[in-house]
Amino acid sequence: MELFQIKAEIPATAAEATDELLLELGVVGWSVLEDVIAQRAWIVGIFETAEERDTRWTELQAALPAAPLGAAERSVMADADWRDSYKAHFKAWQFGRLHWVPVWEQATFQLPAGDAVLWLDPGLAFGTGNHETTRLCVERLVTLAAKQGPRGRVIDAGCGSGILALSALKLGYTDVAGFDNDPEAVRVSEENAGLNGLQGKARFFTGDLTNGFADGPGDVVLANILGNVLIRFARELVASVAPGGVLILSGILAAECDQVQAAFKAVAPGWAMESRTLGEWSDVVLTRPR
């Protein structure tokens with residue numbers, strides 16, 4: 001299968017802001033590459049059709065924090081070439097009893113007894129969990145499942161590629177939903193559910209932070225979204241948590257963590273709150289009193 005790539009150089013000073021934009025939008029298929037020594041940066045997208053590549057680029061280009069430096073380069077690459085290039089920096093990783101493993105290791109990977117595995121396919125633009133914001137969320141989820149058992153309803157707000165919702169299923173949660181304001185993210189989430197034999201096990205749908213919780217509150221609510229968005233929708237997120245439930249927030253720059261905590265303390269008085277930092281990113285976890 002051929003894949004269609006687009007690559008555009010952007011100002012190096014805009015690399016971080018561009019990465020934050022991609023995270024905020026929850027769009028799939030895009031990544032930011034940096035050469036720190038040469039002080040250059042690029043935005044790269046890989047898609048299954050040329051039409052999708054060009055449409056997505058048109059949509060994204062208008063939202064970029066800085067204009068590209070020149071025309072974008074378009075190319076066609078074999079699926080095998082993409083996978084081979086990705087193998088250099090995507091390795092299996094683990095936290096607790098849950099493993100995230102690339103599909104090309106299915107034949108050789110030995111799953112320890114009692115553990116669970118989520119297969120990841122970069123060819124499907126599946127988030128690998130390598131970003132600190134995703135790791136903060138999944139590590140909290142694994143710890144919570146081990147501590148109190150995989151019980152209650154899990155809601156993944158801004159599901160992206162579905163990695164958090166699918167990880168919840170692998171941990172034993174049975175009532176799992178995920179929504180995203182981008183229909184393409186919903187499609188990819190369902191595709192990745194199929195990759196792991198989880199078709200129909202989680203309900204993925206198009207929604208946002210104002211209407212995504214219409215089916216009722218969750219016992220575990222995950223929102224891996226940028227800090228300014230979390231602050232703007234603090235009341236909606238707090239209202240989405242059932243009594244005794246947990247709200248796991250990520251996508252927060254460490255420098256913004258105090259601001260996020262202050263916003264949620266204002267709308268959730270009496271809730272327990274904790275935070276930790278991984279690299280340049282932080283999470284905030286709130287527990288609603290029973």
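Here, every reference points to the structure presented above.
Worth saying up front: this structure is predicted, and the values here are computed from it rather than measured. (Residues numbered from 1 in each chain as written. Predicted model: local features only at pLDDT ≥ 70, side-chain atom pairs only at ≥ 80, totals over all residues. Heavy atoms only, no water.)

Asks: How would you summarise the packing of aromatic side chains if you had to cite specific residues and measurements?
Replies: All chains considered together, the criterion is met by six aromatic pairs. Each ring, one from Trp-93 and one from Trp-100, has its centre 4.1 Å from the other, and the planes form 15 degrees; the classification is stacked. Relative accessible area serves as the criterion here: at 7%, Trp-93 is assigned to the buried category. For Trp-100, a relative accessible area of 0% corresponds to the buried category. With a centroid separation of 5.2 Å and 85 degrees between ring planes, the pair formed by Phe-179 and Phe-213 is classed as edge-to-face. (Phe/Tyr/Trp six-rings, centres within 6.5 Å; stacked < 30°, edge-to-face > 60°. Buried < 20%, exposed > 50% of the residue type's maximum accessible area, 1.4 Å probe, protein only.)

Asks: Explain helix H6 (residues 183–195) residue by residue, including any values.
Replies: Here H6 contains 13 residues, and its C-alpha end-to-end distance of 19 Å stays within 8% of the 18 Å for a straight helix at 1.5 Å per residue. Taken residue by residue, H6 has Glu-184, Ala-185, Val-186, Val-188, Ser-189, Asn-192 and Ala-193 as its buried positions. As for H6, its buried residues are in contact with helix H2 (50–61), helix H5 (163–170), strand S9 (175–180) and strand S10 (202–206). In this structure Asp-182 caps H6, since a side-chain oxygen of it lies 3.0 Å from the backbone nitrogen of Glu-184. (Helix = DSSP H or I, 4+ residues; strand = E, 2+ residues; numbered from the N terminus. Expected span 1.5 Å × (residues − 1). Contact = heavy atoms within 4.5 Å. Polar contact = N/O pair within 3.5 Å; in protein donor to acceptor, adjacent residues only side chain to side chain.)

Asks: Residues and numbers for the sheet that holds strand S1 (residues 2–10), please.
Replies: Adjacent strands of a sheet form backbone hydrogen bonds with each other and so pair up, either parallel or antiparallel. Overall, antiparallel pairing links the four strands, which are arranged S2-S3-S1-S4 in an open sheet. At either margin of the open sheet sits one strand with a lone partner, and together these are strand S2 (30–35) and strand S4 (73–78). With strand direction ignored, the average angle separating the axes of adjacent strands in the sheet is 25 degrees. As paired elements, S1 and strand S3 (residues 40–47) share seven bridges and run antiparallel to each other. Paired with Ile-6 across the bridge in S3 is Gly-45. Running at roughly 165 degrees to S2, helix H1 (residues 15–25) makes contact with S1, S2 and S3 of the sheet. Against the sheet, H2 engages S1, S2, S3 and S4, with an angle of about 25 degrees to S1. (Pairing = 2+ DSSP bridges. Axes fitted to C-alpha atoms, helices over the stretch in contact; angles between N-to-C directions.)

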